[in-house]
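Coordinate analysis (summary)
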Amino acid sequence: MGSYQVVTLLLFFVHIDHYAQGVPTGQNFISTPTNITVNSGHHARLSCTIGNMVGTCQWTRDGFALGTDRNLPGFPRYLLAGNKENICDLTIDPVQPLDEGEYQCQVNGGHGVVPISSAPVT
């Protein structure tokens, strides 16, 4: 139980440090991915949009970083979709059984800004 209290306290301080008068001042998630179930052969899209983006977006699958290039070399069915830099949606087309796993949207920090990570989804 003690480690959960420390994490909650840490997130509380990050929340306070990056908000001024109710408006986010540091990078933050505008939309985050949700759990989805997709049949093999169909298209999947995991949403991730960042406000005040300073860092670079990337996705992980089962803790393994997929990369920051929008075309995700080495993963021909994966693409960081979106027509704006702060839209980091992950698309998988077509979905195959080997794509099952835990995914997370991450944005690294920089210039005094802390990195952020979405909750993992499956």
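Residues numbered from 1 in each chain as written. Predicted model: local features only at pLDDT ≥ 70, side-chain atom pairs only at ≥ 80, totals over all residues. Heavy atoms only, no water.

With respect to the pattern of salt bridges
For the coordinates displayed, the defined rule picks out 3 salt bridges. In this structure, Asp-89 and Arg-45 form a salt bridge, with 2.9 Å as the shortest nitrogen-oxygen distance. With Asp-89 in strand β9 (residues 89-92) and Arg-45 in strand β4 (residues 44-46), the pair connects residues that are 44 residues apart, well separated along the chain. Measuring nitrogen to oxygen at the nearest pair gives 3.9 Å for the salt bridge that ties Asp-99 to Arg-61. (Salt bridge = Lys/Arg side-chain N within 4 Å of Asp/Glu carboxyl O. Helix = DSSP H or I, 4+ residues; strand = E, 2+ residues; numbered from the N terminus.)

Focus on the nonpolar core
Within the largest apolar cluster, 20 residues are counted, with the highest numbers of intra-cluster contacts made by Trp-59, Leu-66, Leu-72, Tyr-78, Leu-90, Ile-92 and Tyr-103. Of all the secondary structure elements, the ones that give two or more residues to this core are β4, β6 (57-61), β8 (78-81), β9 and β10 (103-107). Residues within four places of Leu-72 in sequence aside, it is in contact with Leu-66, Gly-67, Tyr-78, Leu-79, Leu-80 and Leu-90. (Core = buried A, V, L, I, M, F, W, Y, C linked by side-chain atoms within 4.5 Å. Buried < 20%, exposed > 50% of the residue type's maximum accessible area, 1.4 Å probe, protein only. Contact = heavy atoms within 4.5 Å.)

Here we look at the sheet that holds β10
Read from one edge to the other, the open sheet built from 4 strands follows the order β7-β6-β10-β11, with strand pairing classed as antiparallel. The sheet terminates laterally at β7 (64-67) and β11 (116-117), the two strands that pair on one side only. As paired elements, β6 and β7 share 3 bridges and run antiparallel to each other. Looking across to β7, one finds that Thr-60 is bridged to Ala-65. (Pairing = 2+ DSSP bridges.)

Points about the environment of Gly-55
Tracing the backbone shows Gly-55 in the loop between β5 (49-51) and β6. Among the residues examined, Gly-55 registers a relative accessible area of 9% and is labelled buried. Between the C-alpha atoms of Gly-55 and Val-114, which are 59 residues apart in sequence, the distance is 8.9 Å. The residues contacting Gly-55, other than those within four sequence positions of it, are Gln-27, Val-107, Asn-108 and Gly-109.

Quick notes on the confidence of the model for the protein chain
Overall, the predicted model of the protein chain reaches an average pLDDT of 83, with 80% of residues at or above 70. Below pLDDT 50 for its whole length, residues 1-21 participates in 10 contacts with residues either more than four positions away or in separate chains. (pLDDT = per-residue confidence, 0-100.)

Focus on the side chain of Asp-99
With respect to the helices and strands, Asp-99 occurs in the loop between β9 and β10. At 2.7 Å, the side chain of Asp-99 and the backbone nitrogen of Gln-96 are in polar contact. Discounting residues that sit within four places of it in the chain, Asp-99 has contacts with Arg-61, Arg-77, Tyr-78, Ile-92 and Pro-94. (Polar contact = N/O pair within 3.5 Å; in protein donor to acceptor, adjacent residues only side chain to side chain.)

Some details on the state of the cysteines
Using the criterion set out here, one finds 1 disulfide in the structure. Here Cys-48 connects covalently by a disulfide to Cys-105, the sulfurs 2.0 Å from one another. The S-S bond linking Cys-48 to Cys-105 shows a torsion near -75°; that makes this disulfide left-handed. Placement of Cys-48 in the loop between β4 and β5 and of Cys-105 in strand β10 is noted, with a sequence separation of 57 residues between them. For the pair shown, Cys-48 and Cys-105 are each scored as buried. (Disulfide = S-S within 2.5 Å.)

Some points on the sheet that holds β8
In any sheet, the strands associate via hydrogen bonds between backbone groups, in a parallel or an antiparallel arrangement. Here 3 strands make up an open sheet; going across it, the order is β4-β9-β8 and the pairing antiparallel. Both outer strands of the open sheet, β4 and β8, are each paired with one neighbouring strand and no more. Ignoring strand direction, the axes of neighbouring strands in this sheet form an average angle of 25°. For β8 and β9, the ladder comprises 4 bridges, and the chain directions are antiparallel. (Axes fitted to C-alpha atoms, helices over the stretch in contact; angles between N-to-C directions.)

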